[in-house]
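In case you want the letters, here they are:
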Amino acid sequence: MGRAFVYVILGGGVAAGYAALEFTRRGVSHGELCIISEEPVAPYERPALSKGFLLPENPARLPSFHTCVGANEERLTPKWYKEHGIELVPGTRVKSADVRRKTLLTAAGETISYKILVIATGARALKLEEFGVSGSDAANVCYLRDLADANRLVNVMQSCAGGNAVVIGGGYIGMECAASLVINKINVTMVFPEAHCMARLFTPKIASYYEDYYESKGVKFIKGTVLSSFEFDSSGKVTAVNLRDGSRLPADIVVVGIGIRPNTSLFEGQLTLEKGGIKVNGQLQSSNNSVYAVGDVATFPVKLFGETRRLEHVDSARKSAGHAVAAIMEPEKTGEFDYLPFFYSRVFTMSWQFYGDNAGEAVHFGDYSGHTFGAYWINKGHLVGSFLEGGTKEEYEAIAKATRLKPEIEDLIELQKQGLDFALTV
Ligand code: FAD
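Residues numbered from 1 in each chain as written. Predicted model: local features only at pLDDT ≥ 70, side-chain atom pairs only at ≥ 80, totals over all residues.

An unreviewed UniProt entry annotates the chain as monodehydroascorbate reductase (NADH) originating from Rubroshorea leprosula. The annotation that UniProt attaches to the chain under Sequence similarities (unreviewed entry) is "Belongs to the FAD-dependent oxidoreductase family." Taken verbatim from the UniProt record of the chain, the Cofactor (unreviewed entry) comment is "FAD". (UniProt positions renumbered as here; feature names shortened; annotations may be inferred.)

Caption draft 1: Spatial organisation of the overall build of the chain. Along the chain, the regular secondary structure elements total 9 helices and 28 strands. For 426 residues, the compact-globule estimate of 2.2 N^0.38 gives 22 Å, and the chain sits close to it at 22 Å. Taken over the C-alpha atoms alone, the chain extends approximately 65 × 55 × 40 Å along its principal axes. Here the contacts in the chain between residues at least 6 apart in sequence split such that 61% fall between residues at least 24 apart. (Helix = DSSP H or I, 4+ residues; strand = E, 2+ residues; numbered from the N terminus. Rg over C-alpha atoms; globule rule 2.2 N^0.38 Å. Contact = placed C-beta atoms within 7 Å.)

Caption draft 2: Spatial organisation of the site of the ligand. Gly11, Gly13, Ala15, Gly122 and Gly295 are the nearest of the 36 residues found near the ligand. Breaking the shell around the ligand down by element, the ones donating at least two residues are helix H1 (14–25), helix H6 (314–329) and strand E24 (342–347). Here the residues of the shell around the ligand sort into 17 nonpolar, 11 polar and 8 charged. (Near = placed C-beta within 6 Å. Nonpolar A, V, L, I, M, F, W, Y, C, P; charged D, E, K, R; others polar.)

Caption draft 3: Representation of the UniProt feature "domain: FAD/NAD(P)-binding" (unreviewed entry) in the chain in the model. In this structure's numbering, the residues bearing the UniProt feature "domain: FAD/NAD(P)-binding" (unreviewed entry) are residues 7–321. A distance of 13 Å separates the end C-alpha atoms of residues 7–321, which is 20% helix and 27% strand.

Caption draft 4: A look at the packing of H1 against H6. Where H1 contacts H6, the two axes come as close as 8 Å, and the packing angle between them is 35°. At the point where H1 passes H6, the crossing takes the right-handed sense. Here Val14, Ala15, Tyr18, Ala19, Glu22 and Phe23 of H1 come into contact with H6, specifically with Val314, Ala317, Arg318, Ser320, Ala321, Gly322, Ala324, Val325 and Ala326. Counted by class, the contact of H1 with H6 contains 11 nonpolar, 2 polar and 2 charged residues. (Axes fitted to C-alpha atoms, helices over the stretch in contact; angles between N-to-C directions. Left-handed = near helix turned anticlockwise from the far one by under 90°.)

Caption draft 5: Expanded view of the environment of Arg261. Its location among the elements puts Arg261 in strand E18 (residues 260–262). For Arg261, a count of 14 C-beta atoms within 10 Å gives the class partly exposed. Linking Arg261 and Tyr143, residues 118 residues apart in sequence, is a C-alpha distance of 13 Å. (Buried ≥ 20, exposed ≤ 12 C-beta atoms within 10 Å, placed from the backbone.)

Listed below in structure tokens is the structure:
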């Protein structure tokens, strides 16, 4: 049993949705494109799962956040795929791939062959078991990567209003979930091993702004330690969390956000991997020229930094997908992907954007007791990264532009004084 397509997108997440839109814009014919996804629904904007989806009132629900609404583009519902002659194969896991034969084998036993494959398998949440702690299967321990996880989180959250949550991990999943739990009137304690939240991006000064704000909302922070074990009741539900520093936290719900691992396993030994992802060139093409990789799973050259990176951000998924499709459909007209890394988050009523690289020395600016503040990163005499909380559209555009220009910076004190004006006038 088998089907054959010209183009196959493996994975049905953010990158797949944006790739599909680009394929139709560039004139794919009916029956040429197939999308295979383990998820039961058409591609959607994953970031909604830790934000609007968790709101107690008027929560976001599909179909409202199918791709590509996150970039103010068309919303691609299952009907859209049908109308455009795209074969959407949901609820189907691919269990093996053969890039030499150009075939994929689904868990149901179907062989799907392609001329060109776009790998958009994203990443999976790391489990506590990978750090030597068992208990992830307990009914009130939640991860958050896909819609099924988000539905589960909502159900557990609703069953313990007024109760205690322990959030494991101080990255953006932990921060966004903690904010949502508070909005749902649950008492939150965050636990992470680093000295402050968002340690991969924030400086201590930026982090302390958010931590103070969270504390003002009742969130407690326990830093510099990790989970060592769970306590369970007779039904197998977690009742408390034990930490390595000896403390014990009662828990009605545990949310774990401790990082992700790209889904590369189908291609190990077949394609070149680098930095944990599938290595691609500036056309998003892998070491096999019939295979492209986009989104969280791809390690691509970031021209601006002169090195390869694997990014785990929605904007990079959208744009790498678009670029790969351009390179597939119009190779002569498509140059190298020239991407400015961009990442954002929204918590409570706050929201920030970050562009570039947080390498070198940070120069903080703005009002850290108010609503609008930020930082620039200066590396080897050039501005390489910019962060802004509470900016306007124009201000975010200005920091993006300034970061892309990589201007030379001679005087850090002067830069600090100029603050946002520097980006607005550069
Ligand atoms: P994904 O969207 O993860 O899609 C991968 C798809 O591949 C999934 O559908 C999966 O089921 C499928 N798949 C994998 N293996 C197989 C297989 N073997 N067979 C069939 N199908 C398979 N980024 C930001 O910049 N800002 C944010 O605020 C933000 N918030 C986020 C909130 C949450 C809760 C999460 C989970 C992520 C968030 N992100 C955010 C990150 C962003 O969503 C990801 O970078 C983006 O989804 C990556 O897109 P992708 O298509 O590469 O992977």
